[in-house]
Amino acid sequence: MEILGNKAILTLDRPICQTSDELFDSEVFKEIIKIFIDKLIARQSILLEIFNTDTSGLLDKITNFIPEKIRDAVSNKDSSRIKTITEEQIKLLIETFRFLAKLKSEKIPGVVKGSETLLKDRELFLELLDKLYYFWISYDRFLIYRTSRNFNKIRTRSIIDDTVERLNNVIKNTYRDIKENLAEEEPQTYRQTRAGVDITAITKNYDGLMDFGPYRKFSSVPVIRKIILAPPLILNPAMNKRTGSFEKIDVNPFTLFNIKTDDWLCYPAKVGPLLIFVYFHKLFIDHGMSLCNLFELADEDDLTKKPDAVYAYGVEGTALDGLGVFPTVFYEDNENDILAGAIPGRDEFGYFGYLKKMILTLHNIKMMKTGRMPFHGAFVRIILKGGKEANILLMGDSGAGKSETLEALRYTGDEYIQDIIIIADDMGTIEITDKKNIMAYGTEIGAFLRLDDLMPGYAFKRLDTAVIMSAGQTNARIILPVTTYKTIMKGHKIDFVLYANNYEQISDDKPLLEKFNNPEEAISVFREGKVMSKGTTSATGITGTYFANIFGPLQYMDLYDTIAEQYFSEFFSKKIFVGQMRTRLGIPGFERKGPEESARELLKIILQIQ
């Protein structure tokens, strides 16, 4: 087991604990209880009274369990008031737990010598048990289940039953057995907490995978083949916003660092039509495993192909520092026909946006190279009762009100709308086909949404699939699956291309929904990419970003200018409605009202379609 901050990571290549005895014999349990006792010592908790320790002269007997800062703090003070715990006392506590899982507390002193001291105050012992249990489940808990190269068919249901659920039940039932054997009567209320792990990755190693160029160092990294998620998963990452942009550099970052294979995992993501190998360090395991709610996991056939891009998230050391203004970089490896992105493994980069947006940047660059136009926006298919349809592309920067307006459309238009099918929640591409049709595609099967901007109760209705990050903080987020890979890959025609303007108040000359007269007028607004910051990045106030898309187009402006001019001309040629919608999401007091009124106005226009 590894403890990285608030993350507990179990790695398993053998059968899990089957009984409480095996649980108490495990190195994981011993490690957790030692860390727990260290925390109590650091606080000089009253719970240490169960050991009834003779504290005279303890400074001379301090073990390695007491933190160095405590030793330093008391070196010149009265050491007789400082409590510490010896290894023998911890062993005694574990043995007392072992037999309490089987026998009533009054019988334990006859079996475990010295346990009568621990059990002298049963109420205090019960509180220690509760604190230990909830200390364990306070961690974000992950399991890496390793399978062999020869393991052809992964029996996921068996792993769920024999490993994930068994671990959950062993821990939970052991806790309950001890508690009932300590208490005088059975508790009236039982709480079905998730006592095992929150999320499990089943991994496999492949011979020859990424065995070329500077990427060879990742060839033995385990590849995730299945994810077992027990939602809602509530995570507490190191950061809650992103800073800076992703910079193109002239040196391949993969030539600058080495890795320890056991510290990394690979999530092979299907991003639109592309295959991107996302390698993440265990420091960011919470973000890496959460990708299952956002990008389709590649299948076995996909792994026979070379990926279109590769991304190392969590590079140790300072190898990436100084390569750009900000060490979030990518490289166009023409020799190996692959894009390579990399970001350092420091807490300041511990935000899911760094993972998601670099993946989408690599996707967008590849798409531009094929002549497609990437967009930063939401694209949905609206099916009205009676058969009318409208496909709406709402472009804009983070916090512009795209998702909020479309969600408002869902409930304000309930009387008229049969279905709303999400094709792209955040990123996608537009293609002019050989037959000169204009079609749009998505990239993600999920959505990464701000909790503050969702309708009251919306998140609670989706807890059965949710990953929640930074709850209770600014820019708290929820990751939800919202569509299928088949849906995002099926091309859809476009009826509306709208820019989400969240910063302007409406007036007679600035209506809720404004239609542009020509491509030049439209490109001027879209290219300026203005938005009022909503706290999703470190930017504040009204900012302007090239086509509201720093994820590829900004780094290839000459190429994107050519593509945009071509596509906007085609929009007007095909009589597509091109305009801007004033969502007012960035104006205080209009966080909900703005998107609701925009949704009603959009619905009115859709109903007028012949």
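Just so you know, these numbers come straight off a predicted model, no measurement behind them. (Residues numbered from 1 in each chain as written. Predicted model: local features only at pLDDT ≥ 70, side-chain atom pairs only at ≥ 80, totals over all residues. Heavy atoms only, no water.)

Here the focus is the overall build of the protein. A tally of regular secondary structure across the protein gives 15 helices and 27 strands. Since a compact globule built from 610 residues should have a radius of gyration of about 25 Å, the 28 Å found for the protein is in line with a globular shape. The buried share of the protein, taken over its 610 residues, is 57%. Approximately 26,100 Å² of the protein is accessible, and the part contributed by carbon and sulfur atoms is 47%. Taking the 79 positively charged and 85 negatively charged side chains of the protein as two groups, their mean positions are separated by 2 Å. (Helix = DSSP H or I, 4+ residues; strand = E, 2+ residues; numbered from the N terminus. Rg over C-alpha atoms; globule rule 2.2 N^0.38 Å. Buried < 20%, exposed > 50% of the residue type's maximum accessible area, 1.4 Å probe, protein only. Areas by Shrake-Rupley, 256 points an atom, 1.4 Å probe, with all protein chains shown as cover. Lys, Arg positive; Asp, Glu negative; His and termini not counted. Charge placed at Lys NZ, Arg CZ, Asp CG, Glu CD.)

The next subject is the pattern of salt bridges. Scanning the entire structure with this criterion turns up 38 salt bridges. The salt bridge partner of K270 is D302, with a shortest N-O separation of 3.4 Å. Here D302 lies in the loop between β10 (296-297) and β11 (309-315) and K270 lies in strand β8 (residues 264-271), a separation of 32 residues in the sequence. Taken together, the shared-partner salt bridges in this structure form one network comprising D21, D25, E95, R98 and K102. (Salt bridge = Lys/Arg side-chain N within 4 Å of Asp/Glu carboxyl O.)

With that settled, the discussion passes to the packing of helix α2 (residues 27-43) against helix α6 (residues 122-137). As a packed pair, α2 and α6 sit with axes 10 Å apart at the nearest point and diverge in direction by 115°. It follows from the interaxial angle that α2 and α6 lie roughly perpendicular. Note that α2 runs across α6; the crossing there is right-handed. Between α2, through F29, I32, I33, I35, F36, K39 and L40, and α6, the contact on the second element is made entirely by L128, K131, L132, F135 and W136. Here the contact of α2 with α6 is built from residues that sort into 10 nonpolar, no polar and two charged. (Axes fitted to C-alpha atoms, helices over the stretch in contact; angles between N-to-C directions. Parallel < 35°, antiparallel > 145°, perpendicular 65-115°, else oblique. Left-handed = near helix turned anticlockwise from the far one by under 90°. Contact = heavy atoms within 4.5 Å. Nonpolar A, V, L, I, M, F, W, Y, C, P; charged D, E, K, R; others polar.)

Let's shift gears to the pairing of strand β27 (residues 577-582). Across the six residues that make up β27, a large majority, six, are buried. Neither face of β27 is left uncovered, since the one carrying F577, G579 and M581 and the one carrying V578, Q580 and R582 both have all their residues buried. Strand direction decides the pairing type here: strand β23 (residues 496-501) and β27, joined by six bridges, are parallel. By the bridge assignment, F496 is partnered in β27 with F577. As defined by bridge partners, strand β24 (residues 513-515) adjoins β27 across three bridges and the pair is classed as antiparallel. Bridge pairing in β27 links K515 to G579. (Pairing = 2+ DSSP bridges.)

Scored by pLDDT, the protein has a mean of 90; 92% of the residues are at 70 or more. Predicted confidence for residues 54-66 stays below pLDDT 50, and this span has 32 contacts to residues more than four positions away or in other chains. (pLDDT = per-residue confidence, 0-100.)

Looking now at the nonpolar core. Proteins that are soluble and globular tend to have nonpolar side chains buried together. Core analysis: the biggest nonpolar cluster contains 81 residues, and Y267, F526, F568 and V578 have the highest contact counts within it. Top element by residues in this core is helix α9 (residues 352-369). It accounts for nine residues. Counting residues in hydrophobic clusters, the runner-up holds 55 residues, among them I16, F51, I159 and A195. (Core = buried A, V, L, I, M, F, W, Y, C linked by side-chain atoms within 4.5 Å.)

With that settled, consider unusual backbone geometry. Cis rather than trans, the peptide bond between P231 and P232 has omega equal to -5°. Residue position: P232 is located in the loop between β5 (223-229) and β6 (233-235). In this structure, Q44 is a non-glycine residue whose phi angle is positive, near 50°. Tracing the chain through its elements places Q44 in the loop between α2 and α3 (68-74). Judged by relative accessible area, which is 25%, Q44 ranks as partly exposed. In the Ramachandran plot, N475 falls in the positive-phi region, its phi being about 65° despite a non-glycine side chain. Turning to its location among the elements, N475 is positioned in the loop between β20 (467-469) and β21 (477-481).

Our next topic: the packing of aromatic side chains. Taken as a whole, this structure holds 31 aromatic pairs when the rule is applied. With centroids separated by 5.4 Å and ring planes inclined at 80°, the aromatic side chains of F135 and Y139 adopt a geometry described as edge-to-face. In this pair, the class of F135 matches that of Y139, namely buried. With a centroid separation of 5.1 Å and an interplanar angle of 70°, the aromatic rings of F547 and Y560 are classed as edge-to-face. Of this pair, F547 sits in the loop between β26 (542-544) and α14 (557-573) while Y560 sits in helix α14, placing them 13 residues apart in sequence. The rings of F212, Y215, F218, F254, F257, W264, F277 and Y279 are connected pair by pair, giving a single aromatic cluster. The positively charged end of K102 is found above the aromatic ring belonging to F99, 5.5 Å away from the centroid. (Phe/Tyr/Trp six-rings, centres within 6.5 Å; stacked < 30°, edge-to-face > 60°. Lys NZ or Arg CZ within 6 Å of the ring centre and 35° of its normal.)

With mixed pairing, four strands are arranged side by side in an open sheet as β6-β20-β21-β19. Every interior strand has two partners, whereas the edge strands, β6 and β19 (446-450), have only one. Neighbour-to-neighbour, the strand axes of the sheet open up by a mean angle of 20°, direction not taken into account.

You can see T96 is positioned in helix α4 (residues 87-100). The sequence separation of T96 and D426 amounts to 330 residues, and the corresponding C-alpha distance is 54 Å.

Turning our attention to α14. Between its terminal C-alpha atoms α14 stretches 24 Å, which fits the 24 Å expected from 17 residues at 1.5 Å a residue. Restricting attention to buried positions, one finds in α14 the residues Y560, D561, I563, A564, Y567, F568, F571 and F572. (Expected span 1.5 Å × (residues − 1).)

For T443, the position within the fold is in the loop between β18 (438-442) and β19. A distance of 2.8 Å separates polar atoms of two side chains, one belonging to T443 and the other to E444. (Polar contact = N/O pair within 3.5 Å; in protein donor to acceptor, adjacent residues only side chain to side chain.)

For β19, the buried fraction is high: five of the five residues fall into the buried class. Because side chains alternate across β19, one face comprises the buried residues G446, F448 and R450, and the other comprises A447 and L449, equally buried. Note: β19 against β21, five bridges, orientation antiparallel. Residue pairing in the sheet places A447 in a bridge with L480 of β21.

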